[in-house]
Each structure stands twice: as structure tokens, then as C-alpha cells.
Amino acid sequence: MALTIDNLHMTFQTPDGKLPALGPVSVSLAEGSFTCLLGPSGCGKSTLVRVCAGLQKPTTGRVLLGDTVITAPSPQMGVMFQDANLMPWRTVRDNMALPLELAGVTTAQRVQHTDTLLPMLGLGDFAQAYPSELSGGMRQRVALGRVLIQSPAVLLLDEPFGALDALTREHISLDILRVWEAQRQTVLMVTHDIQEAVLLADRILVMSRRPGRIVADIISDLPRPRTHEIVYTPEFNALARQIRAAIEIA
Ligand SMILES: Nc1ncnc2c1ncn2[C@@H]1O[C@H](COP(=O)(O)OP(=O)(O)OP(=O)(O)O)[C@@H](O)[C@H]1O
Ligand SMILES: [Mg+2]
């Protein structure tokens, strides 16, 4: 489903007065597109994600999923933050299947769903492991699986791999790409990493300093499916340079 952000503003009330954090932002993300959002720290990226997810009410403006205005979290929107937030007493399988369990899905069906997702996310041998037995990258994979298991129409990812090392990020990014190429959710992903944005996205939005507005809207026509080899091509580097320049004047 398409995600439409319509004239969004967010101003926070703080002890020191009003803090205009975001906007105006208007942008429409086409169904099945992969958009990365970059911008300086504190410019309102996470605020934008929270409003899109229905977790926060904007000061003015609205967000639409298809034709429906978002006013509360919806199972059609999968949201993932930097912290995996797994339950330490549940296995990988049971963490991943939690949304299905809450929705009353039977154990047999939960096993079936997780059996499909676990290998796709490189966790085939870890269904019975506990979070404490996993690396940071593996925990983020479980958190991603927990989002994907509900088959959301939209994925909102707020720096989901920010805490991981570069190579682990690249591996997970390529895994995400494989899943996305098969399922084609509409994705909005916040990242600080220009290379990651170019590897993943077909559209890159750059935000200004606070209050964040979109100051560059860059379309990538790098071919798909993509492998890590693409990072060595002149087209990849040209895009990365263009994004970098946009961020520096943002
Ligand atoms: N609940 C809140 N109350 C008051 N101010 C807030 C609140 N949430 C965010 N802010 C302020 O809004 C601004 C934007 O914050 P936000 O977290 O959206 O930035 P960001 O672009 O995600 O930054 P980063 O890249 O560091 O994650 C910041 O100045 C922050 O202090
Ligand atoms: Mg943030």
C-alpha cells in the first residue's frame, strides 16, 4: 500500500517553550517502493517514523495508508527501532511468533510461519536459542522477523542496524533486500549510512536540520537484484556522492 505524508508538522512543548521539530513534510511513497531517509541528528526522523506508525499525533497534517488516515498503530505497519527489545525468557522462535500468538494463531501455524522466516533471516539453526545466546546482529534479525511475520504492507525501520558493525550491516541489508524483493512491502528506512541507503533504496530523501524538511529527493535507478558487488560500480559512487553533497548543505 502507498504511504502518504501530507503537510506534517510537529512542535513539542518543552519546559523552555515550543520546539518545532519537524515539517512541513509532504511526500508520497509508492506502493512497493524502498525509500531511505537521511538527515542530521535531531532533525526529526524518528518523530516522522513515530507519527507514520500512529504512535504519536502530529501537531498538524496527517499520514495515510492507502486511503485510510493513520491515527493509531496498525498491524499493516511493521515498525522496528534500533533496540531489538526481545524477551529474554522466550526462544528465538517464540520471540518471532509473538505477534501471531497475541493474535490467537495456533502453535502449529506459528511453527509453520517461523520455519519459513528463520532460514530467510539466517537463523535456521537458532529457533530454540535464547536472546542471550545471540550476537547483536542476530538479535536484530529476530526483531526483523517479528515485524515480517505479520506480513505488514508497510515497513518503518528507524536505524535498525545502527549499532552493528559495517560488515554485519551489509549482510543484514542484503537479507532484507531478498525478503523485500519477494514480498515488496512499502519501506521507509531511516539510516545514517549513505552506502546502506544507496545499496537498498530506490529513493533517497534527505532532511534539513530541525525542523526537518525534505531538501533532496533522489531517485536511484541502480539495477535489481543487487549484490554487494554493486558498491564498486561508478553509478553507485555517483549516487553516494550526490547524497553526501545534499546532506552537507542540509
Ligand atoms: N517527546 C518529545 N518531547 C520533546 N521533544 C522531543 C520529543 N521527541 C523528540 N523531541 C525533539 O525533537 C527533535 C527531533 O527528534 P528526533 O528523535 O525525531 O530526531 P532524529 O532525527 O531521529 O535524531 P537522531 O538522528 O539523533 O536519531 C529533537 O530536538 C528532540 O529533542
Ligand atoms: Mg532518531
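Residues numbered from 1 in each chain as written. Chains lettered and ligands numbered in written order. Predicted model: local features only at pLDDT ≥ 70, side-chain atom pairs only at ≥ 80, totals over all residues. Heavy atoms only, no water.

## Section: the pairing of strand 10 (residues 214–219)
Going by this rule: By this definition, two strands are paired if DSSP reports at least two bridges between them. Runs of H or I in DSSP of at least four residues are treated as helices and runs of E of at least two as strands, each being numbered from the N terminus.
Inspection of the sheet shows strand 9 (residues 203–207) paired to strand 10 by 5 bridges, in the antiparallel sense. Note that in strand 10 the partner of Val206 across the bridge is Ala216. Between strand 9 and strand 10, which pair antiparallel and follow one another directly, the connecting turn spans 6 residues.

## Points about unusual backbone geometry
Trans peptide bonds make up most of the peptide bonds, and negative phi angles are found at most residues other than glycine. Cis peptide bonds are those with omega within 30 degrees of zero, and the linkage from Gly23 to Pro24 qualifies with 5°. Structurally, Pro24 is set in strand 2 (residues 17–29). With an omega dihedral of -10°, the bond running from Arg210 to Pro211 counts as a cis peptide bond. With respect to the secondary-structure elements, Pro211 resides in the loop between strand 9 and strand 10. One non-glycine residue, Asn85, lies in positive phi territory at about 55°. Within the secondary structure layout, Asn85 lies in the loop between strand 6 (77–80) and helix 2 (92–96).

## Topic: the site of ligand 1
Our working rule: A cutoff of 4 Å decides nearness: a residue is near a molecule or strand if any of its heavy atoms lies inside that distance of it. In protein, a polar contact means a hydrogen-donor-capable atom and an acceptor-capable atom, both N or O and within 3.5 Å, with residues adjacent in sequence counting only if both atoms are side-chain atoms; elsewhere, any N or O pair within 3.5 Å suffices. Computed by Shrake-Rupley with a 1.4 Å probe, the accessible areas treat only the displayed protein chains as cover when residues are assessed. Note that Gly is not counted as nonpolar here; it falls among the polar residues with everything else outside the nonpolar set of Ala, Val, Leu, Ile, Met, Phe, Trp, Tyr, Cys and Pro and the charged set of Asp, Glu, Lys and Arg.
Taken together, 15 residues form the shell around ligand 1, and within it Ser41, Gly42, Lys45, Thr47 and Arg210 come nearest. In the model, an oxygen atom of ligand 1 is placed 2.6 Å from a nitrogen or oxygen of the Ser41 side chain. In the model, an oxygen atom of ligand 1 is placed 2.8 Å from a nitrogen or oxygen of the Ser46 side chain. For ligand 1, the protein covers 67% of the area, taking 640 Å² as the surface of the free molecule. Looking at the shell around ligand 1 residue by residue, the class counts come to 5 nonpolar, 6 polar and 4 charged.

## Some points on the sheet that holds strand 10
Condition: Every axis corresponds to a line fitted to the C-alpha atoms, with the helix fit spanning only the stretch in contact, and the corresponding angles, defined between N-to-C directions, vary from 0 to 180 degrees. Working rule for contacts: check all heavy atoms of both residues, and any pair within 4.5 Å makes them a contact.
Pairing in this open sheet of 6 strands is mixed, and the strands run 6-7-8-3-9-10 from one edge to the other. Two strands bound the open sheet, and with one partner strand each, they are strand 6 and strand 10. If you compare each strand with its neighbour and ignore which way they point, the axes differ by 15° on average. Against the sheet, helix 8 (residues 234–249) contacts strand 3 (34–38), strand 9 and strand 10, and its axis sits at roughly 175° relative to strand 10.

## Looking at the sheet that holds strand 2
The 4 strands are arranged 2-1-4-5 in an open sheet whose pairing can be described as antiparallel. Of all the strands in the sheet, just strand 2 and strand 5 (68–69) have a single pairing partner and so form its edges. In terms of strand pairing, strand 1 (residues 3–14) meets strand 4 (residues 60–65) through 5 bridges, oriented antiparallel. Looking across to strand 4, one finds that Leu3 is bridged to Leu65. Across the sheet, helix 1 (residues 45–52) is in contact with strand 1, strand 2 and strand 4; its angle to strand 1 comes to roughly 120°.

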